Amino acid sequence: MGAWKEQVMESSQDPATASAAASTAGQGGDPARGARILIVDDDPGIRDVVADFLGRHGYAIDTASDSRTMDQALARGPVDLVVLDIMLPGEDGLAICRRLSAADGPAIIMLSAMGEETDRIVGLELGADDYLPKPCNPRELLARIRAVLRRRQEPRTIDDGMGAACEFAGWRLDLVRRELRSPQSVVVNLSSGEFSLLRAFVERPQRVLTRDQLLDLARGRESDAYDRAIDVQISRLRRKLDDGGGGELIRTIRSEGYMFTSKVTRTP
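Bear in mind the structure is a predicted one, so any value in this text is a computation, not a measurement.

Asks: How do you make sense of the overall build of the protein when you look at a structure like this?
Replies: If you tally the helices and strands in the protein, you get ten helices and 13 strands. Within the protein, counting contacts between residues at least 6 apart in sequence, those at least 24 apart form 65% of the total. Accessible surface for the protein amounts to roughly 12300 Å². Of this, 48% is attributable to carbon and sulfur atoms.

Have a look at this one:
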């Protein structure tokens, strides 16, 4: 892990990286600059160098070494995104991810030495918005953070004149409040990734969407996420819709992709 710390430090001092950051700031090209990011990792060296690297790119940074200090940081004010290690003392990162996701908390990027596909799938299943293995290129971490924060901001900045909510099969998806209500008027918590995926479906109902299309629509073209991540999020989204009496709203079309089966109406 020492080599990775050196890589982060080198990237922090790289003139090209600094120039690009200054250019982005000057052009106003990163609407998420100034967002508050909480880094949760029990390795103080990693915490410090990642905090310094992200701070150089215009983010407000807090750090925590475990779930207790994380909760204290969250209590001090709203956090936009948590960079969360899995291997933590006490409550581990997976349990923290489950807890924050259930409470409709901040966006989560899991960062862990446990980089096998099964580990990534578990993290996504529990509500993480993205997952990176250690060691990773710090510039990739920065790109993933920007992508996740942009996805979170999109529903608040995009106005296509078609209405601020979508209704389908008794459900209502509020695109501004990012709120999903079941036919029984129960609010169903969605992670950032699940919301983006459902939005992609309801804006293109009764059409077959391939995995590549869903990756572009829900995660953005700058993401190098793999097809399996979409399958995992669709599985989670289906369960939440099924629990609320949604039936088969998302149908698998063999060898092609997925289709949102219900008619959708847009309302103010």
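Next, the rest of the story.
Asks: Please clarify how the packing of aromatic side chains should be interpreted in this entry.
Replies: Aromatic ring pairs are reported here in terms of the distance separating the ring centres and the angle at which the planes meet. Scanning the model with the defined rule gives three aromatic pairs in all. Plain terms: the ring middles of Phe168 and Trp171 are 6.4 Å apart, the flat faces sit at 5° to each other, and that makes the pair stacked. Here Phe168 falls in the buried class, since its relative accessible area comes to 1%. Assessed through its relative accessible area of 1%, Trp171 is described here as buried. Measuring from ring centre to ring centre gives 5.1 Å for Phe168 and Phe260, while their planes differ by 80°; the resulting arrangement is edge-to-face. One end of the pair, Phe168, is in strand 6 (residues 165–168); the other, Phe260, is in strand 12 (residues 257–260), with 92 residues separating them in the sequence.

Asks: Just to check I follow, could you spell out the sheet that holds strand 8 (residues 179–181) for this structure?
Replies: Strand pairing in a sheet takes place through backbone hydrogen bonds and is either antiparallel or parallel in direction. Read across the open sheet, the five strands follow the order 9-8-7-6-13; overall the sheet is antiparallel. Sheet topology places strand 9 (187–188) and strand 13 (265–267) at the edges, where each strand pairs with a single neighbour. Taken together, the four bridges between strand 6 and strand 7 (residues 171–174) define a ladder with antiparallel strand orientation. Each residue of the ladder has a partner; that of Ala165, found in strand 7, is Asp174. Sitting on the sheet, helix 8 (residues 192–202) is in contact with strand 6, strand 7 and strand 8, with an inclination near 115° to strand 7.

Asks: Please explain the packing of helix 4 (residues 67–75) against helix 5 (residues 93–102) as it appears in this structure.
Replies: If you want to describe how two helices pack, look at the angle between their axes and the distance between the axes. Two numbers describe how helix 4 lies on helix 5: the axes approach to 12 Å, and their chain directions differ by 25°. Classified by the interaxial angle, the pair formed by helix 4 and helix 5 is roughly parallel. The two elements helix 4 and helix 5 cross, and the hand of that crossing is right-handed. Residue-level inspection shows Ser67, Met70, Asp71 and Leu74 of helix 4 in contact with helix 5, the latter providing Ile96, Arg99 and Leu100.

Parameters at a glance
- Residues numbered from 1 in each chain as written.
- Predicted model: local features only at pLDDT ≥ 70, side-chain atom pairs only at ≥ 80, totals over all residues.
- Heavy atoms only, no water.
- Helix = DSSP H or I, 4+ residues; strand = E, 2+ residues; numbered from the N terminus.
- Contact = heavy atoms within 4.5 Å.
- Areas by Shrake-Rupley, 256 points an atom, 1.4 Å probe, with all protein chains shown as cover.
- Phe/Tyr/Trp six-rings, centres within 6.5 Å; stacked < 30°, edge-to-face > 60°.
- Buried < 20%, exposed > 50% of the residue type's maximum accessible area, 1.4 Å probe, protein only.
- Pairing = 2+ DSSP bridges.
- Axes fitted to C-alpha atoms, helices over the stretch in contact; angles between N-to-C directions.
- Parallel < 35°, antiparallel > 145°, perpendicular 65-115°, else oblique.
- Left-handed = near helix turned anticlockwise from the far one by under 90°.

Interpretation in functional terms is not warranted from these geometric data alone.
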